[in-house]
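# Secondary and tertiary structure notes
One-letter residues, chain by chain:
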Amino acid sequence: MKIAERDTMECILADPNGKWLGEGLGDIWDNKILFKQNVKFRKSGLYEFSLTQAMRVDSLPMIMDAGISIEKAAVATEPKKN
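A brief report on the enclosed structure follows.

## Structural notes on the overall build of the protein
Broken down by element type, the protein carries 0 helices and 2 strands. Long-range pairs, those at least 24 residues apart, make up 32% of the contacts in the protein with a sequence separation of at least 6. Surface accessibility of the protein: about 9400 Å² in total, with carbon and sulfur atoms responsible for 53%.

## Focus on the packing of aromatic side chains
Inspection of the entire model under this criterion finds 2 aromatic pairs. Pairing F41 with Y47 gives two aromatic rings, centres 4.7 Å apart and planes at 70°, and the pair type is edge-to-face. Ring geometry for F41 versus F49: centroids 6.4 Å apart, planes at 85°, classification edge-to-face. With relative accessibility at 44%, the residue F49 sits in the partly exposed group.

## What about a nonpolar patch on the surface?
Judged by side-chain polarity, M9, L13, W20, W29, I33, F35, M62 and I63 come together as a nonpolar surface patch covering roughly 690 Å² of accessible area. Positionally, I33 belongs in the segment after β2 (28-30).

## A word on the pattern of salt bridges
Between side chains of opposite charge, pairing is possible as soon as their charged atoms come close. Here the structure, examined in full by the defined rule, presents 2 salt bridges. K36 is the salt-bridge partner of D7, the closest N and O atoms lying 3.3 Å from each other. With a gap of 29 residues between them, D7 in the segment before β1 (23-25) and K36 in the segment after β2 connect regions that are remote in the sequence. Residue classification places D7 among the partly exposed residues on the basis of a relative accessible area of 48%. Since its relative accessible area comes to 39%, K36 is described here as partly exposed. One salt bridge connects E71 with K32, and the closest N-O pair in it is separated by 3.8 Å. Here K32 lies in the segment after β2 and E71 lies in the segment after β2, a separation of 39 residues in the sequence. Both residues of the pair, E71 and K32, count as exposed.

## What to know about the environment of A73
Looking at where A73 falls in the secondary structure, it is placed in the segment after β2. Separated by 35 residues in sequence, A73 and N38 place their C-alpha atoms 8.2 Å apart.

## Some points on the environment of D15
With respect to the helices and strands, the residue D15 is situated in the segment before β1. Exposure remark for D15: the relative accessible area of 24% places this residue in the partly exposed category. Polar side-chain contacts of D15 include one of 2.9 Å to the backbone nitrogen of N17.

About the cut-offs
- Residues numbered from 1 in each chain as written.
- Predicted model: local features only at pLDDT ≥ 70, side-chain atom pairs only at ≥ 80, totals over all residues.
- Heavy atoms only, no water.
- Helix = DSSP H or I, 4+ residues; strand = E, 2+ residues; numbered from the N terminus.
- Contact = heavy atoms within 4.5 Å.
- Areas by Shrake-Rupley, 256 points an atom, 1.4 Å probe, with all protein chains shown as cover.
- Phe/Tyr/Trp six-rings, centres within 6.5 Å; stacked < 30°, edge-to-face > 60°.
- Buried < 20%, exposed > 50% of the residue type's maximum accessible area, 1.4 Å probe, protein only.
- Patch = residues over 30% accessible without salt bridge, like charges linked within 9 Å, V, L, I, M, F, W, Y side chains within 5 Å.
- Salt bridge = Lys/Arg side-chain N within 4 Å of Asp/Glu carboxyl O.
- Polar contact = N/O pair within 3.5 Å; in protein donor to acceptor, adjacent residues only side chain to side chain.

Printed below as a string of structure tokens:
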């Protein structure tokens, strides 16, 4: 059974002066933007994700690629009490 979800987010890629945000050098920059937290994949299996740009401009100048990374969050532990 396939269940589809759609969500929209705004990705700020540059500051008001046009300086790219994130880390990079020359024309290549990497910008990680947190999208969701505390999401649990309740069942094991394959999950499919897709990205669609929804700018008012079809082609975004200077943007070569976009990707997604899913990272396991560190579990917060309670401090030991003496």
